Amino acid sequence: MATPVLDKVEAEAAASPYITATFRIRRFNPEISDEATWEDFQVEIDPKERVLDALHKIKWELDGSLTFRRSCAHGICGSDAMRINGKNRLACKTLIKDINPEKPITVEAIKGLTVLKDLVVDMEPFFQAYRDVMPFLVTEGNEPTRERLQSPEDRERFDDTTKCILCAACTSSCPVFWNDGQYFGPAAIVNAHRFIFDSRDEAGEQRLEILNDRDGVWRCRTTFNCTDACPRGIEVTKAIQEVKRALITRRF
Amino acid sequence: MSADTTAATTDDVTLYDVDNPAPVIEPPRQRTKKTPRAPHKKGSNFEMYGWLFMRLSGIVLVVLVLGHLLIQLVLDGGVSKIGFAFVAGRWASPFWQAWDLIMLWLAMLHGGNGLRTIINDYAERDNTRFWLKMLLYTATAFTVLLGTLVIFTFDPNIR
Ligand code: SF4
Ligand code: FES
């Protein structure tokens, strides 16, 4: 009776899911140095776990000073967008096995925003652009006594852009935004699109005028970096393109 | 030796501390509440027309430029046939005059507008941006006007 149990234990040990992955993390701590440096961490981890789990492991077991944002850990709050292996992703939605753990996995803060510490950036410019497009329902006249009804087709029109979680993965992957932080950035345009094409909203014209600005949609070069980066699968470039089309067709 | 290194690292560490943190590196031209927004006249559609112009002139230029290159470099003996006589012969016809004129204007404005957007993107200081653009506008205007003048006043009998 003892043998099968032993066999099983041995087999399990041989087929242990754990691997040793190297995480190369871009560290910056203004209280120690004015320079950012790469630091390697070796982590024993199941490759079916996520990058966020590895970061937790590092923070909880190896180096408690590692700083990063996360809240929900399930791809909903949008706080842990980071540049993993050179691509913007959510750490909580990236499985280690999908990004080749044989080589060191690089993790750094998203680009184009001020790095405050390690992987934490100052999101204020990003949210300022978001505020600038008036991301709220604007209506005129008396408030209806019941909810504002909308047909499924009207809702379908802007369904894609309602999925945004404001993680900044798109805006911080945009080369125009890197060069000139004055550009509204894809995320702000996505959230403007969500209201411009909402049949209940009445300030579409105003928002279009805001995006017609020098730093508005016309700066977009159709690089598609934003569509690639979006963890929610929003067709960001398409949304920007639809805003451009709306601007042109309202004139002619 | 080892004492030296320790001293050096200690120096490094004391340079910045909790009360005296290192300056963070801000990306150029951040958007904050306080940053002055680029002046934008309400209802001005300049950027939109610029964008449209780039798409439309691009389509026309594909035909014009490829046709131009084909005639000049490939057909009929290639580049070696080009000379004063060849140009004079072509510009005798209003069709080729118009072709070259349109190509000149579209190509210069297309390229000029492209460079303008590049300068807007990459020049960090307002002053640099302004002077680079002035240089660009002058060069564009000069080339366009000179080219136009030559096309219209071309004299095949010049000695
Ligand atoms: S559009 Fe996508 S990538 Fe951009 S902020 Fe929203 S969820 Fe993030
Ligand atoms: S932690 Fe909330 S989106 Fe990743």
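What counts, and at which threshold
Residues numbered from 1 in each chain as written. Chains lettered and ligands numbered in written order. Predicted model: local features only at pLDDT ≥ 70, side-chain atom pairs only at ≥ 80, totals over all residues. Heavy atoms only, no water. UniProt positions renumbered as here; feature names shortened; annotations may be inferred. Helix = DSSP H or I, 4+ residues; strand = E, 2+ residues; numbered from the N terminus. Buried < 20%, exposed > 50% of the residue type's maximum accessible area, 1.4 Å probe, protein only. Contact = heavy atoms within 4.5 Å. Areas by Shrake-Rupley, 256 points an atom, 1.4 Å probe, with all protein chains shown as cover. Salt bridge = Lys/Arg side-chain N within 4 Å of Asp/Glu carboxyl O. Core = buried A, V, L, I, M, F, W, Y, C linked by side-chain atoms within 4.5 Å. Domains from an automatic or database assignment. Phe/Tyr/Trp six-rings, centres within 6.5 Å; stacked < 30°, edge-to-face > 60°. Near = heavy atom within 4 Å. Nonpolar A, V, L, I, M, F, W, Y, C, P; charged D, E, K, R; others polar. Buried area = accessible area lost by both parts, 1.4 Å probe. Polar contact = N/O pair within 3.5 Å; in protein donor to acceptor, adjacent residues only side chain to side chain.

As annotated in an unreviewed UniProt entry, chain B is Succinate dehydrogenase hydrophobic membrane anchor subunit from Streptomyces luteolus. Entered under Subcellular location (unreviewed entry) in the UniProt record, the comment concerning chain B runs "Membrane".

The name given to chain A in an unreviewed UniProt entry is Succinate dehydrogenase iron-sulfur subunit, with the source organism recorded as Streptomyces luteolus. Taken verbatim from the UniProt record of chain A, the Pathway (unreviewed entry) comment is "Carbohydrate metabolism; tricarboxylic acid cycle." According to the UniProt record, the Catalytic activity (unreviewed entry) comment for chain A is "a quinone + succinate = fumarate + a quinol".

Visitor: Looking at this structure, I do not really get the overall build of chain B. What am I missing?
Guide: If you tally the helices and strands in chain B, you get five helices and zero strands. Mapped in sequence order, the helices and strands of chain B form the string α-α-α-α-α. Within chain B, the fraction of its 159 residues that count as buried is 30%. Pairs at least 24 residues apart make up 66% of the contacts formed inside chain B by residues separated by at least 6 positions. For chain B, the accessible area works out to roughly 11000 Å², and carbon and sulfur atoms hold 71% of it.

Visitor: Can you walk me through the pattern of salt bridges in this structure?
Guide: Once their charged atoms are close, side chains differing in charge can pair, the charge on each being opposite to the other. Under the counting rule described, the total for this entry stands at 27 salt bridges over all chains. Here A:Arg24 ties to A:Asp40 by a salt bridge, and the two come within 2.8 Å at their closest N and O atoms. Highlighted residues: A:Arg24 in strand 1 (residues 19-27) and A:Asp40 in strand 2 (residues 37-45), separated in sequence by 16 residues. Residues joined in a network through salt bridges with shared partners are A:Asp180, A:Arg214, A:Asp215, A:Arg219, A:Arg221 and B:Asp121.

Visitor: Would you take a moment to explain unusual backbone geometry for this structure?
Guide: Only a minority of non-glycine residues have a phi that is not negative, and only a minority of peptide bonds are not trans. Residue and element names in this part refer to chain A. Phi angles above zero are rare outside glycine, and Ala73 is one such case at about 65°. Along the polypeptide, Ala73 turns up in the loop between helix 2 (51-62) and strand 3 (81-84). For Asn100, which is not glycine, the phi torsion reads 55° and is therefore positive. Positionally, Asn100 belongs in the loop between strand 4 (87-90) and strand 5 (105-108). On the basis of relative accessible area, Asn100 is assigned to the partly exposed category, the value being 33%.

Visitor: It is not clear to me how the nonpolar core should be interpreted in this structure. Could you clarify?
Guide: In this structure, A:Phe23, A:Ile25, A:Val51, A:Leu55 and A:Leu211 are the most contacted members of the largest nonpolar core, which totals 71 residues. Viewed by domain, this core spans two of them, domain 1 (15-121) and domain 2 (124-140 + 150-249) of chain A, each represented by three or more residues. Residue contacts for A:Leu211: discarding those within four places in its chain leaves A:Val133, A:Phe184, A:Ile189, A:Ala192, A:Ile196, A:Gly216, A:Val217, A:Val243 and A:Leu247. Grouped together as the second largest cluster of nonpolar side chains are five residues, B:Leu61, B:Leu64, B:Trp99 and B:Leu106 included.

Visitor: I would appreciate a short explanation of the packing of aromatic side chains in the present structure.
Guide: The relation between two aromatic rings is expressed through the spacing of the ring centres and the mutual angle of the planes. The full count for this structure, using the stated rule, is eight aromatic pairs over all chains. Centre to centre, the rings of A:Phe126 and A:Phe127 are 5.2 Å apart; their planes meet at 70°, and the pair counts as edge-to-face. Residue class for A:Phe126 comes out buried when judged on its relative accessible area of 3%. Judged by relative accessible area, A:Phe127 falls into the partly exposed class, the value being 27%. When the centroid spacing of 5.3 Å and the interplanar angle of 85° are considered together, the rings of B:Trp91 and B:Phe154 count as edge-to-face. One end of the pair, B:Trp91, is in helix 3 (residues 84-91); the other, B:Phe154, is in the segment after helix 5 (126-153), and 63 residues separate them in sequence.

Visitor: Looking at this model, I keep getting lost on the site of ligand 1. Mind explaining?
Guide: Near ligand 1 there are 13 residues, and of these A:Cys164, A:Ile165, A:Cys167, A:Cys170 and A:Cys230 occur at the shortest range. Taken together, the residues that form the shell around ligand 1 break down as 12 nonpolar, no polar and one charged.

Visitor: Which parts of the structure should I look at to understand the interface of chain B and chain A?
Guide: It is common to give the size of an interface as the accessible area that goes away when the parts come together. The interface of chain B with chain A comprises 36 residues on the first partner and 39 residues on the second. Counting each side, the surface lost to burial between chain B and chain A is near 3400 Å², with a carbon and sulfur contribution of 50%. In terms of surface lost to chain A, no three residues of chain B exceed B:Arg31, B:Trp51 and B:Asp121, which account for 23% of the buried area on that side. On the surface where chain B and chain A come into contact, there are three salt bridges. Between B:Asp121 and A:Arg221 there is a salt bridge, with the nearest N and O atoms lying 2.7 Å from each other. Connecting chain B to chain A are 10 residue pairs in polar contact (both at pLDDT 80 or more). Looking at the side of chain B that touches chain A, the elements that each hand over two or more residues are helix 1 (2-15), helix 2 (46-74) and helix 4 (94-122) of chain B. Here the element with the most residues in the side of chain B that touches chain A is helix 2 of chain B; it accounts for five residues. Of the residues that constitute the side of chain B that touches chain A, the class distribution is 17 nonpolar, nine polar and 10 charged.

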